[in-house]
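Architecture and fold: a report
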Amino acid sequence: MAESGFFNVNHLMDQILFIITGFFVGLLVGLTGVGGGSLMTPLLIFGFGVKPVVAVGTDLVFAAITKVTGIWIHWRKDNIDWRVAGLMVLGSFPSSLLTVYLMSQIDLDTPLMNLLVKEGLGVALVLTSLALVFRRRMNRIGRNLKAGIPGYHNGWRNIATVFAGIFLGILVTISSVGGGALGVAMLAFMYPAFSTRRIVGTDLAYAV
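Cut-offs and rules
- For every chain, the first residue of the written sequence is number 1, and numbering continues from 1 along that sequence.
- For a predicted model such as this one, the threshold for reporting local features is a pLDDT of at least 70, and the threshold for listing and counting side-chain atom pairs is 80 or more; totals across whole chains, interfaces and linings nevertheless cover every residue.
- Note: side-chain values were computed over all heavy atoms of the structure, leaving out hydrogens and water.
- Elements are defined by DSSP. Helices are runs of H or I of four residues or more, strands are runs of E of two residues or more, and each kind is numbered from the N terminus.
- For this analysis, residues touch if any pair of their heavy atoms sits within 4.5 Å.
- Residue exposure ignores everything except the shown protein chains as possible cover, and the areas themselves are Shrake-Rupley values with a 1.4 Å probe.
- Each axis is a line fitted through C-alpha atoms, taken for helices only over the stretch in contact, and angles between the N-to-C directions span 0 to 180 degrees.
- An angle below 35 degrees is treated as roughly parallel, one above 145 as roughly antiparallel, one from 65 to 115 as roughly perpendicular, and anything else as oblique.
- For any helix crossing, the convention is left-handed if the near helix is rotated counterclockwise from the far helix by under a right angle, and right-handed if that rotation is clockwise.
- All amino acids are sorted into three groups, where Ala, Val, Leu, Ile, Met, Phe, Trp, Tyr, Cys and Pro are nonpolar, Asp, Glu, Lys and Arg are charged, and the leftover types, Gly among them, are polar.
- Think of a nonpolar core as a cluster: buried Ala, Val, Leu, Ile, Met, Phe, Trp, Tyr and Cys residues, connected wherever their side-chain atoms sit within 4.5 Å.
- Only protein chains enter the calculation, and the probe is 1.4 Å; a residue is then buried if its accessible area is under 20% of its type maximum, exposed if over 50%, and partly exposed in between.
- Whenever Lys or Arg places a side-chain nitrogen within 4 Å of a carboxyl oxygen from Asp or Glu, that contact is recorded as a salt bridge.
- Helix span, as expected, comes to 1.5 Å for every residue beyond the first.
- One confidence number per residue, pLDDT, is output by the predictor and ranges from 0 to 100.
- Stacked, edge-to-face and tilted are the three classes for Phe, Tyr and Trp ring pairs, Trp counted by its six-membered ring, which pair at centre distances within 6.5 Å; planes under 30 degrees apart are stacked, over 60 edge-to-face, the rest tilted.
- Placement of a charge over a ring requires the Lys NZ or Arg CZ to be within 6 Å of the ring centre, with the centre-to-atom vector within 35 degrees of the ring normal.

**Thoughts on the overall build of the protein chain**
Scanning the protein chain from N- to C-terminus turns up nine helices and zero strands. Starting at the N terminus and ending at the C terminus, the protein chain contains elements arranged as α-α-α-α-α-α-α-α-α. Long-range pairs, those at least 24 residues apart, make up 73% of the contacts in the protein chain with a sequence separation of at least 6. Of the accessible surface of the protein chain, which amounts to about 11800 Å², a share of 71% is contributed by carbon and sulfur atoms.

See the structure below:
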């Protein structure tokens, strides 16, 4: 009985910690549009001991639910460019499905799968950190490209947007990280005339 009571107390504490973690990560995502995967997935794996594959799937569901509210708010304020979001989805949807199919061919409990997810998470976190640090610089480079390359505004940028979606579709499917901060940095690079609010709103719509 004592062991059962102790187990129940531990279980209850875990549930409370999950709720607190979800609250603060959701608050951060709601304010900035970024940070969900880069915080939640490592916390689930290294803080709560959740299997890497389960942590990625759980965070993807959590992110989709929490970002819906952000989409509604940004939509009301006309901060979403649906054409750009659609171009990114055009690239990421098939690449994500292909990645899921390839991952499904590997047993989820094998060391290979855990290694794949952890390595993918490490790469995504490094890229996300670099994107946050150099976001303004990427925005300036994007402005220079827009001014210096004929036709960039019309054709090349659309193609680059689709390829950005392909890359994010693979990376986010493996690690659940990158759709926020990395997506925002890519949009700031490709669409330097967008305001910060429009970039965040468009990235939220795409990410879900």
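That was the structure; now back to the text.
**Looking at the packing of helix α5 (residues 111–133) against helix α8 (residues 181–190)**
Contact pair α5 / α8: the axes reach a minimum separation of 8 Å and the direction vectors enclose 45 degrees. Of the possible angle classes, the one that applies to α5 and α8 is oblique. Judged by the sense of rotation from one axis to the other, the crossing of α5 with α8 is left-handed. From α5, Leu127, Thr128, Ala131 and Leu132 reach across to α8, where they touch Ala181, Leu182 and Ala185. The residue inventory of the contact of α5 with α8, partitioned by class, reads six nonpolar, one polar and no charged.

**Observations regarding the nonpolar core**
Among the nonpolar cores identified, the biggest contains 34 residues, and Leu168, Leu182, Met186, Leu187, Met190, Tyr191 and Ile199 are the most heavily contacted of them. The element that contributes the greatest number of residues to this core is α8, accounting for seven residues. Ignoring sequence-local partners within four residues, the contact set of leucine 187 consists of Val84, Met88, Pro192, Ile199, Thr202 and Asp203. Of all hydrophobic cores here, the second largest spans five residues; its members include Val56, Met103, Met113 and Val117.

**Topic: the pattern of salt bridges**
Tallied over the full model, the rule gives one salt bridge. Of the charged contacts in the structure, one is a salt bridge between aspartate 81 and arginine 198, with a shortest N-O distance of 4.0 Å. Placement of the pair is aspartate 81 in the loop between α3 (52–76) and α4 (82–104) and arginine 198 in helix α9 (residues 196–207), with a sequence separation of 117 residues. Accessibility expressed as a relative area gives 14% for aspartate 81, which makes it buried.

**A closer look at the side chain of threonine 99**
With respect to the helices and strands, the residue threonine 99 is situated in helix α4. Residue classification places threonine 99 among the buried residues on the basis of a relative accessible area of 9%. The residues contacting threonine 99, other than those within four sequence positions of it, are Ile170, Thr173 and Ile174.

**A look at α9**
For α9, spanning 12 residues, the distance from its first C-alpha to its last is 16 Å, which sits close to the expected 16 Å at 1.5 Å a residue. Ile199, Val200, Gly201, Thr202, Asp203, Leu204, Ala205 and Tyr206 are the residues of α9 that are buried.

**Some remarks on the confidence of the model for the protein chain**
As a note on interpretation, predicted positions should not be read in detail where pLDDT is low. Scored by pLDDT, the protein chain has a mean of 81; 87% of the residues are at 70 or more. When mean pLDDT is compared element by element in the protein chain, α4 scores highest at 92, while helix α1 (residues 2–32) scores lowest at 68. Confidence drops under a pLDDT of 50 for residues 1–7, and excluding neighbours within four residues, the segment shows zero contacts in the predicted structure.

**Re the packing of aromatic side chains**
One pass over the structure, following the stated rule, counts two aromatic pairs. For the pair phenylalanine 18 and phenylalanine 48, a centre-to-centre distance of 4.3 Å together with 20 degrees between the ring planes defines the contact as stacked. Highlighted residues: phenylalanine 18 in helix α1 and phenylalanine 48 in the loop between α2 (36–47) and α3, separated in sequence by 30 residues. A relative accessible area of 34% places phenylalanine 18 in the partly exposed class. When the ring of tyrosine 191 is compared with that of phenylalanine 194, the centres are 5.1 Å apart and the planes differ by 25 degrees; the resulting orientation is stacked. Each member of the pair tyrosine 191 and phenylalanine 194 is classed as buried. Here the guanidinium or amino end of arginine 198 rests over the ring plane of phenylalanine 194, the centre of that ring lying 5.7 Å away.

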